[in-house]
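Listed below are the residues making up each chain.
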Amino acid sequence: MKAIRRLTVRPVLPDPLRPLSDLARNLRWSWHPETRDLFQSVDPECWTASGRDPVRLLGTVRPARLAELAEDRRFLRRLTAVADDLDHYMTGDRWYQAQPGRLPAAVAYFSPEFGITAALPQYSGGLGILAGDHLKAASDLGVPLVGVGLLYRHGYFRQSLSRDGWQQEHYPVLDPHELPLAPLKESDGTPAHVALALPGGRELRARIWLAQVGRVPLLLLDSDVEENDPGDRGVTDRLYGGGSEHRLLQEMLLGIGGVRAVRTYCRLTGHAAPEVFHTNEGHAGFLGLERIAELCDEGLEFGSALEAVRAGTVFTTHTPVPAGIDRFDRELVARHFGPDSELPRIDVERVLRLGMETYPGGEPNLFNMAVMGLRLAQRANGVSLLHGGVSRGMFAGLWPGFDADEVPITSVTNGVHAPTWVAPEVFRLGARQIGAQRAEDALAVGGSDRWDSVADIPDQDIWELRRTLRAQLVEEVRERLRASWRQRGAGTAELGWIDDALDPDVLTIGFARRVPSYKRLTLMLRDRDRLMDLLLHPERPIQIVVAGKAHPADDGGKRLVQELVRFADDPRVRHRIVFLPDYGMAMAQKLYPGCDIWLNNPLRPLEACGTSGMKAALNGCLNLSVLDGWWDEWYQPDFGWAIPTADGAGTDPDRRDAIEANALYDLLEQRITPRFYERGASGLPDRWLEMVRRTLSLLGPKVLAGRMVREYVERLYAPAAEAHRAMDPDSARGLAEWKTRVRAAWPGVSVDHVETSAATASAELGTTLALRVRVKLGDLAPEDVEVQAVSGRVDSEDRITDAAKVPLKPVGGPDLEGRWVYEGPLALDRTGPFGYTVRVLPAHRLLASGVETGLVAVPSGDLVEAAGLLMR
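What you see is a predicted model, and the numbers here were worked out from it, not measured in a lab.

### Description of the overall build of the chain
Part 1 of the reasoning: Looking only at helices and strands, one finds 30 helices and 28 strands in the chain.
Part 2 of the reasoning: In terms of overall dimensions, the chain is globule-like: its C-alpha atoms have a radius of gyration of 29 Å, near the 29 Å expected for 872 residues.
Part 3 of the reasoning: Residues classed as buried in the chain amount to 57% of the 872 residues present.
Part 4 of the reasoning: Intrachain contacts of the chain at a sequence separation of at least 6 include 73% that bridge at least 24 residues.
Part 5 of the reasoning: Working note: accessible area of the chain is about 35200 Å², and carbon and sulfur atoms make up 49% of it.
Part 6 of the reasoning: Counting 103 positive and 120 negative side-chain charges, the chain places the centres of these two groups 3 Å from one another.

### Comments concerning the sheet that holds strand 26 (residues 819-827)
Part 1 of the reasoning: Taken in spatial order, the four strands line up as 21-22-26-25 in an open sheet, and their pairing is antiparallel. Two strands lie at the open edges of the sheet, namely strand 21 (750-756) and strand 25 (809-811), each paired on one side alone. In this sheet, adjacent strand axes meet at a mean angle of 30° when their direction is disregarded.

### Description of the nonpolar core
Part 1 of the reasoning: By size, the foremost hydrophobic cluster in this structure holds 107 residues, and its most contacted members are M524, I544, I597, L624, W641, I672 and W688.
Part 2 of the reasoning: Membership of the second largest hydrophobic core comes to 97 residues, among which are L196, L239, I292 and M727.

### As for empty space enclosed by the protein
Part 1 of the reasoning: Tallied over the entire structure, the rule returns seven cavities of 30 Å³ or more.
Part 2 of the reasoning: For the largest cavity, the calculated volume is near 330 Å³.
Part 3 of the reasoning: If you go around the largest cavity, you meet 24 residues; those closest to its centre are V426, G430, W451, V454 and I457.
Part 4 of the reasoning: Elements with a contribution of two residues or more to the lining of the largest cavity: helix 17 (424-434), helix 18 (436-444), helix 19 (448-451), helix 20 (459-487) and helix 27 (686-699).
Part 5 of the reasoning: The element that contributes the greatest number of residues to the lining of the largest cavity is helix 17, accounting for seven residues.
Part 6 of the reasoning: Computed from the structure, the second largest cavity encloses a volume of approximately 100 Å³.
Part 7 of the reasoning: Every residue lining the second largest cavity is counted, 13 residues in all, and those nearest its centre are L481, W485, A568, D569 and F579.
Part 8 of the reasoning: Listing elements by their share of the lining of the second largest cavity, those giving two or more residues are helix 20, helix 22 (555-568) and strand 17 (577-580).

### What about unusual backbone geometry?
Part 1 of the reasoning: Of the consecutive residues R604 and P605, the connecting peptide bond is found in the cis state with omega at 5°.
Part 2 of the reasoning: With respect to the helices and strands, the residue P605 is situated in the loop between strand 18 (597-600) and helix 24 (612-617).
Part 3 of the reasoning: A positive phi angle, near 65°, is found at L502, a position not held by glycine.
Part 4 of the reasoning: Examined against the element boundaries, L502 turns out to sit in the loop between helix 20 and strand 15 (507-512).
Part 5 of the reasoning: Not every positive phi belongs to a glycine, and D798 is a case in point at roughly 65°.

### Describing the packing of helix 26 (residues 653-677) against helix 27
Packed helix pairs are specified by the crossing angle of their axes together with the interaxial distance, meaning the distance between the axes.
Part 1 of the reasoning: Taken N-terminus to C-terminus, the directions of helix 26 and helix 27 make an angle of 105°; their axes are 6 Å apart at the nearest point. Comparing their axes, helix 27 and helix 26 come out roughly perpendicular. Every residue of helix 27 that contacts helix 26 at I672, R675 and F676 is listed here: R687, W688 and M691.
Part 2 of the reasoning: Its residues assigned to classes, the contact of helix 26 with helix 27 comprises four nonpolar, no polar and two charged.

### Structural notes on the environment of D638
Part 1 of the reasoning: Summarising the element assignment, D638 is placed in the loop between helix 25 (629-634) and strand 20 (640-643).
Part 2 of the reasoning: D638 sits in the partly exposed class, given a relative accessible area of 29%.
Part 3 of the reasoning: Along the chain, D638 and R693 lie 55 residues apart, while their C-alpha atoms are 9.5 Å from each other.
Part 4 of the reasoning: Excluding residues within four positions of it along the chain, D638 makes contact with M691 and R694.
Part 5 of the reasoning: A polar contact is formed between the side chain of D638 and the side chain of R694, at a distance of 3.5 Å.

### Re the confidence of the model for the chain
Part 1 of the reasoning: Averaged over all residues, the pLDDT of the chain equals 93, while 96% of them reach at least 70.
Part 2 of the reasoning: In the model, residues 864-872 has pLDDT below 50 throughout and makes 25 contacts with residues more than four positions away in sequence or in other chains.

### Notes on the environment of V840
Part 1 of the reasoning: By the element assignment, V840 lies in strand 27 (residues 834-842).
Part 2 of the reasoning: Apart from residues lying up to four places away in sequence, V840 is in contact with W746, V749, V751, V775, V785, E786, V787, L855, V856 and A857.

### Regarding the layout of surface pockets
Part 1 of the reasoning: Put simply, the second largest pocket is a space of about 1100 Å³.
Part 2 of the reasoning: What lines the second largest pocket is a set of 39 residues, and nearest its centre among them are R310, R375, R743, E852 and T853.
Part 3 of the reasoning: At the level of secondary structure, the elements contributing two or more residues to the lining of the second largest pocket comprise helix 11 (302-311), helix 13 (348-355), helix 14 (369-375), strand 13 (379-382) and helix 29 (729-745).
Part 4 of the reasoning: Here the lining of the second largest pocket is built from residues that sort into 17 nonpolar, nine polar and 13 charged.

### Topic: the pairing of strand 19 (residues 622-626)
Part 1 of the reasoning: Burial analysis of strand 19 places five of its five residues in the buried class, the great majority of the element.
Part 2 of the reasoning: Residues L622, L624 and V626 point to one face of strand 19 and N623 and S625 to the other, with burial holding for every one of them.
Part 3 of the reasoning: Each parallel crossover has a hand, and the one from strand 18 via helix 24 to strand 19 is right-handed.
Part 4 of the reasoning: Relative to strand 20, strand 19 runs parallel, the two sharing four bridges. The residue of strand 20 that forms the bridge with S625 is A642.
Part 5 of the reasoning: Handedness of the crossover joining strand 19 and strand 20 through helix 25: right-handed.

Parameters at a glance
Within each chain, residues carry numbers counting from 1 in the order of the written sequence. Totals for whole chains, interfaces and linings use all residues, but because this is a predicted model, local features are given only for residues with pLDDT of at least 70 and pairs of side-chain atoms are given and counted only at 80 or more. Where side-chain values are given, they derive from all heavy atoms of the structure, hydrogens and water being excluded. Numbering of helices and strands runs from the N terminus; a helix is a DSSP stretch of H or I covering at least four residues, while a strand is a stretch of E covering at least two. Here the globule rule reads 2.2 Å times residues to the power 0.38, and the radius of gyration is calculated from C-alpha atoms. The cut-offs for exposure are 20% and 50% of the maximum accessible area for each residue type, with area from a 1.4 Å probe on protein chains only; residues under the lower value are buried, those over the upper are exposed, and the others partly exposed. The contact definition used throughout considers only heavy atoms, calling two residues in contact when any of these lie within 4.5 Å. The Shrake-Rupley method, run with a 1.4 Å probe sphere, supplies the accessible areas, and residue values consider only the shown protein chains as cover. A positive count includes Lys and Arg, and a negative count includes Asp and Glu. His and the chain ends are not counted in either. Working definition for charges: the position is that of NZ of Lys, CZ of Arg, CG of Asp or CD of Glu. The pairing criterion is simple: DSSP has to find at least two bridges between the two strands. Lines fitted to C-alpha atoms define the axes, with helix axes restricted to the stretch in contact, and inter-axis angles between N-to-C directions lie between 0 and 180 degrees. Definition used in this section: a nonpolar core is a set of buried Ala, Val, Leu, Ile, Met, Phe, Trp, Tyr and Cys residues joined via side-chain atoms within 4.5 Å. Cavities and pockets are defined on a 1 Å grid built over the protein atoms alone: a cavity is a set of grid points where a 1.4 Å probe fits but cannot escape, while a pocket is an open set with protein on both sides within 12 Å along at least five of seven lines, and lining residues are those with an atom within 4 Å of any such point. Grid points are joined across faces, edges and corners, and a volume is the space filled by probe spheres set on the points. Each angle is binned into one of four classes, with values under 35 degrees roughly parallel, values over 145 roughly antiparallel, values of 65 to 115 roughly perpendicular, and all other values oblique. For this classification, Asp, Glu, Lys and Arg are treated as charged, while Ala, Val, Leu, Ile, Met, Phe, Trp, Tyr, Cys and Pro are nonpolar and the rest, including Gly, are polar. Contacts described as polar in this section are N or O atom pairs within 3.5 Å, which, within protein, must combine one atom able to donate a hydrogen with one able to accept it, while residues neighboring in sequence count only if both atoms come from side chains. As a per-residue measure, pLDDT tells how confident the predictor is, with possible values from 0 to 100. Call a crossover right-handed when, viewed with both strands pointing away from you, the route from the first strand across the helix to the second goes clockwise.

As structure tokens, this is what we get:
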């Protein structure tokens, strides 16, 4: 019979075991081995059956077992030690507290998804895992972060396969009471809510759930409350589901409702109010509008409030392709704002202007969430050095008149949370070498000195570790493969071959990620005969473990999955290549350590960062990748291989795939498999182990989320907090008025005359020329602008590269026509073709850069010809 109602019955823990509840509710257990070991010892069978989830474990363990543990002095000593360790972790000073200067009192970090643990399935892929790692690393470093997201009652989706290999989606309902969450409550004990106004006088209410991620509170908004209409209850039903209006409501709830949730949390707990708001991708961009509305309520007008909000906002873009950005029809956005909807105090046209693609190449009727994010943030970044450059090119239209390399988008390369992703066996080997505390610090904070000791670990120990991890992966794969085939309808008699699937002594390649077309899941199948030869080589075979999910609406991605599955089903190779459905954190934590090679072959430069290879590297797995994302930045032949790219303008996609697949096969046949199977005098693969050693010692400190978060603090959060503090109401009004005045006067700004002391078109290295420039400023004064000399090498089209910028100084007052003379030196510090130009930019002490306003005046074409601005 089917139950008519479901309840969650919580256990009553005996008093001596009460600390178990606190340990289960703090997600630090997901990266703290001692806490997990403690829960496993409560009941090993229940621990496995619960999916290694302490909350579920405590809901299923027998009361008799709890009573037994309450009398077990050895267990209680362990419990006390682990509880005391958590208390010290939560309250003691960490890296952040030891930093000089006035850092932000708090930072609010908004993301549409968070991958913290498999026990809280609120993620789809890299963006969510990155967000989860950001929170964990911030916790380890003591950064006072508050996370904000949505609670999806169906998560993303669970994946299985049909008999013919087609992806099937399942959406199990998640009960928040069975998750490691607690409702945020008002002082009278009632659940805390936020509300959004909807068209037609309706209201969207959302409950606030709290997940404690170490020291970091994560607030998750849930629209499935009784006060909402049935349709509105489903706003937070699933991640990245539904049509445009559904997504818009999710993003309004995340941004606007998220700010209100943060205010509620700070009011109820006394937590410091955030000085910096960090938007992780454009989905949360509406948070800026809510903060503008708050300031308007305090008496600021819109323009001043916009400047105040921008000063304290950081925006991170994660996509290198316009198709990856949420864009909404103008009328849809307009309907949800204004007098009859949300933020009625703000003119709808002002809201729309923040997101409309009103620039060359844009679509003027579309509201672009990333464009709004950039216009609402004074500081922005991509997630790798290469991606920063791609982003500057992609959004250059917002800063017309400037070269793409001057667009104010920097980069902070992603990192991964090592305590989450490093196998316990790897950690124990490191702890044996340098001590447990130094090993913990190496993973959490970084520092190359702590990683240098990898050089002292004997080859034999590293090789035994690698084989152990490979063998564990083989067992995991067989178990998952058997379950998958049963789901596909196979009987026990058909599955005997699985006992021999994979081999713990064969070179193992991993490939696991989401399955959009640009990641090229099936590039390895380009020449199937050649791949089959590699898989079945009599002396140097390879084996491949593949996993990945296609978006439910992406039939093209599903066809790629099916193509791979059908190849892997071939009885000739199914013991050497497998596809594992339902890729997620639990699978990944076994997959990364157990592989010898991590394969990544996206279309360059469409991989913003690609952190899966970082997680593999931290476990001694070598990377084999296209030079994209982080691999483009840090690749060295010492610790991996680069797949050459065929991205010339004349190369069509099919030919490009053929060339790059061929390069992949060549690397495997000629360089990778010989090195893995080659044995030195010691009987070990010496040259392979040296690459493993270099991967750990040289890449280890770089790929850490701790390094990433330290960079965010030092390069983005601290300057944003300083700008936020400087932007008091009077300063915000002053800056807004100044920008209005400068924009109105800018058509009257021009460069009238340029001359130098150079007599010829050539000069010697080290020469300094005197530069004299005459400019019209119209209604502006010299303090409103900076006149710059821009110089450097020039290419064949006379474009300045690697430019140096030097401010020039005004000489005397304006002449009768209002023109000012500026002078300064021009150093010829580079040989070869050299060029210079001059330009005028707005200048104000509260601007993050002179490029920020998007205004620039440069010499006219006629003036350039007359001045002879190039030297060869």
